[in-house]
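Summary of structural features
Residues per chain are reported as follows:
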Amino acid sequence: MKSKQTGITLIGFLVVLMVVSFFGYMAMKLVPAYTEFMGVSKAMSQLATEDGPKSVTQVRNDLMKKLDFQYVSDDTITPQDITIKRTGNASQLNISYDKRIPFMYNIDFLLHFEKSVALQGNVEG
């Protein structure tokens, strides 16, 4: 009695392995940038819940300290990427930055991150 063999061939297995490896390599390159952005979001949320009047430079300095605790690299976010918009008594903290990640050969990923939170206290200056 003959039975028909089923399964994947060696060449088919190598093709599947190459595709999985490619996407795994891509994930290894991109996941750290997104975890860093989650740290930025957490630092901004912590700063937004603090009360009390602050100056713009004090808000920037406090945010940069909180970013250090979240393991956000200093070259990722510069003080120019941090803006504070005031409308009446309300203030909004905005961060917008780009991150360039080399992938392979001359292929790079360019990721754009942007986040805004409303500040509780009054921002002066």
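In the block above lies the structure referred to throughout.
As a starting point, this report considers the structure included with it. The model shown is predicted, which means the values in this text are computed figures rather than measured ones. (Residues numbered from 1 in each chain as written. Predicted model: local features only at pLDDT ≥ 70, side-chain atom pairs only at ≥ 80, totals over all residues. Heavy atoms only, no water.)

1. Topic: the overall build of the protein
Applied cut-off: Each helix is a run of H or I in the DSSP string that is no shorter than four residues. Each strand is a run of E no shorter than two, and both are numbered from the N terminus. Every radius of gyration here is taken over C-alpha atoms, with the globule rule written as 2.2 Å times N^0.38, N being the number of residues. A 1.4 Å probe rolled over the protein chains alone gives each residue an accessible area, and that area as a share of the maximum for its type sets the label: buried under 20%, exposed over 50%, partly exposed in between. Here a residue-residue contact requires only that any non-hydrogen atoms of the pair lie within 4.5 Å.
The secondary structure content of the protein amounts to 2 helices and 5 strands. The order of helices and strands in the protein, counted from the N terminus, is α-β-α-β-β-β-β. The C-alpha atoms of the protein give 23 Å as radius of gyration, which overshoots the globular expectation for 125 residues (14 Å, by more than 25%). Seen through its C-alpha atoms, the protein measures out along the principal axes to roughly 85 × 35 × 25 Å. When each of the 125 residues of the protein is scored for burial, the buried share is 31%. Expressed as a percentage of contacts within the protein between residues at least 6 apart in sequence, the contacts between residues at least 24 apart total 56%.

2. Comments concerning helix 2 (residues 56-69)
Basically, it comes down to this: The span you would expect from a helix comes to 1.5 Å times its residue count less one. Taken from the helix axis, the directions to the C-beta atoms give the arc we talk about.
Here helix 2 is 14 residues long and its end C-alpha atoms lie 20 Å apart, about the 20 Å a rise of 1.5 Å per residue gives. By the burial criterion, the buried members of helix 2 are Val-56, Val-59, Asp-62, Leu-63, Lys-66 and Leu-67. Angularly, the buried residues of helix 2 cover 140 degrees about the axis, an arc narrow enough to put them on a single face. Exposed and oriented more than 90 degrees from the buried face of helix 2 are Thr-57, Lys-65 and Phe-69. Just downstream of helix 2, Tyr-71 is the residue with a positive phi angle, here 60 degrees.

3. Some details on the packing of helix 1 (residues 10-49) against helix 2
To describe two helices that pack against each other, one gives the angle between their axes and the distance between the axes. To be explicit about the condition: For helices, the axis comes from a line fit to the C-alpha atoms of the stretch in contact; other axes are also lines fit to C-alpha atoms, and the angle between any two N-to-C directions lies between 0 and 180 degrees. Throughout, the term roughly parallel applies to angles under 35 degrees, roughly antiparallel to angles over 145, roughly perpendicular to angles from 65 to 115, and oblique to all others. Each crossing gets its hand from how the near helix is turned against the far one by less than a right angle, where anticlockwise is left-handed and clockwise is right-handed. Amino acids outside the nonpolar list (Ala, Val, Leu, Ile, Met, Phe, Trp, Tyr, Cys, Pro) and the charged list (Asp, Glu, Lys, Arg) are all regarded as polar, and Gly is one of them.
Packing of helix 1 against helix 2 leaves a shortest axis separation of 9 Å and a crossing angle of 135 degrees. As summarised for this structure, helix 1 and helix 2 are arranged oblique, according to the angle between their axes. Where helix 1 crosses over helix 2, the handedness of that crossing is right-handed. Where helix 1 approaches helix 2, its residues Val-40, Ala-43, Met-44, Gln-46 and Leu-47 are matched on the opposing element by Val-59, Asp-62, Leu-63, Lys-66 and Leu-67. The residue makeup of the contact of helix 1 with helix 2, split by class, is 7 nonpolar, 1 polar and 2 charged.

4. As for the pairing of strand 3 (residues 90-104)
Selection rule: The pairing criterion is simple: DSSP has to find at least two bridges between the two strands.
Pairing analysis gives 6 bridges linking strand 2 (residues 82-87) to strand 3, with the strands arranged antiparallel. Across the sheet, Ile-82 pairs through a bridge with Ile-95, a residue of strand 3. The hairpin turn running from strand 2 into strand 3, its antiparallel successor, is 2 residues long, and Gly-88 in that turn takes a positive phi close to 70 degrees. Bridge count between strand 3 and strand 4 (residues 107-119): 13 bridges; the pairing is antiparallel. Note on strand 4: the bridge partner recorded for Arg-100 is Leu-110.

5. So, the packing of aromatic side chains
To keep things clear, this is the line we draw: Each aromatic pair joins two rings of Phe, Tyr and Trp (for Trp, the six-membered one) with centres within 6.5 Å, and gets the label stacked for planes under 30 degrees apart, edge-to-face for over 60, and tilted for any other angle.
Summed over the entire model, instances satisfying the criterion amount to 7 aromatic pairs. Note on Phe-22 and Phe-23: the rings are 5.4 Å apart at their centroids and 80 degrees apart in plane angle, and the pair reads as edge-to-face. Consider the rings of Phe-103 and Phe-109, whose centres lie 4.8 Å apart with planes at 55 degrees: the pair is tilted. According to the relative accessible area criterion, Phe-103 is buried, its value standing at 7%. Three or more aromatic residues joined by ring pairs make a cluster, and in this case those are Phe-22, Phe-23, Tyr-25, Phe-103 and Phe-109.

So, to be careful, I would describe these as geometric facts and stop short of saying anything about function.
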